[in-house]
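Results of the structural survey
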Amino acid sequence: GTFLVPVRAVSTGDGTSAVWKLDPASMQVSRLTVETLGLSRDSIQVRAPALAAGDEIVISGVRFLSEGMTVQRMATP
């Protein structure tokens, strides 16, 4: 699918861009390669066949993540 995500959710490296998808059952993350399509203010449009509407992605601290890492949701005010 094609999605609009916060710019800070997209990490780059090795010539690719990616987002980190959260598995809510295990609270572990997995790196998904995305194709960047366009930038709009603080959001970026990405194409990510492995993402679906309703999937959760990590938007904070993405540069510190590694495959299979267990994370916690931040408390929202």
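The structure we're discussing is the one just above.
**A look at the overall build of the protein**
Helix and strand counts for the protein come out as zero helices and six strands. Since a compact globule built from 77 residues should have a radius of gyration of about 11 Å, the 12 Å found for the protein is in line with a globular shape. With the principal axes as the frame, the protein shows a C-alpha extent of 30 × 30 × 20 Å. Out of the 77 residues belonging to the protein, those deemed buried represent 29%. Considering only contacts within the protein whose residues lie at least 6 apart along the sequence, 60% involve residues at least 24 apart. Carbon and sulfur atoms provide 52% of the accessible area of the protein, an area that totals close to 5,200 Å². Measuring between centres, the 7 positive side-chain charges of the protein sit 6 Å from its 7 negative side-chain charges.

**Thoughts on unusual backbone geometry**
In this structure, Asp14 is a non-glycine residue whose phi angle is positive, near 55°. Looking at the element boundaries, Asp14 is found in the loop between strand E2 (11-13) and strand E3 (16-23). Relative accessible area serves as the criterion here: at 83%, Asp14 is assigned to the exposed category. One non-glycine residue, Arg41, adopts positive backbone phi at about 55°.

Thresholds applied
- Positions within a chain are numbered from 1, following the residues in the order the chain's sequence is written.
- Local features in this predicted model are restricted to residues whose pLDDT is 70 or higher, and side-chain atom pairs enter the listing and the counts only when it is 80 or higher, whereas totals over whole chains, interfaces and linings include all residues.
- Where side-chain values are given, they derive from all heavy atoms of the structure, hydrogens and water being excluded.
- Secondary structure elements follow DSSP: runs of H or I of four or more residues count as helices, runs of E of two or more count as strands, with numbering from the N terminus.
- Note on method: radius of gyration uses C-alpha positions; expected globular size equals 2.2 Å times residues raised to 0.38.
- For every residue, the accessible area (1.4 Å probe, protein chains only) is compared with the maximum for its type, and the residue is labelled buried under 20%, exposed over 50%, or partly exposed between those bounds.
- When checking whether two residues touch, look at their non-hydrogen atoms; a contact exists if any pair is within 4.5 Å.
- Residue burial considers only the protein chains on display, and all accessible areas are found by Shrake-Rupley using a 1.4 Å probe.
- His is not counted, nor are the chain ends, whereas Lys and Arg count as positive and Asp and Glu as negative.
- Lys charges are placed at NZ, Arg charges at CZ, Asp charges at CG and Glu charges at CD.

Function-wise, these values are silent; they only describe arrangement.
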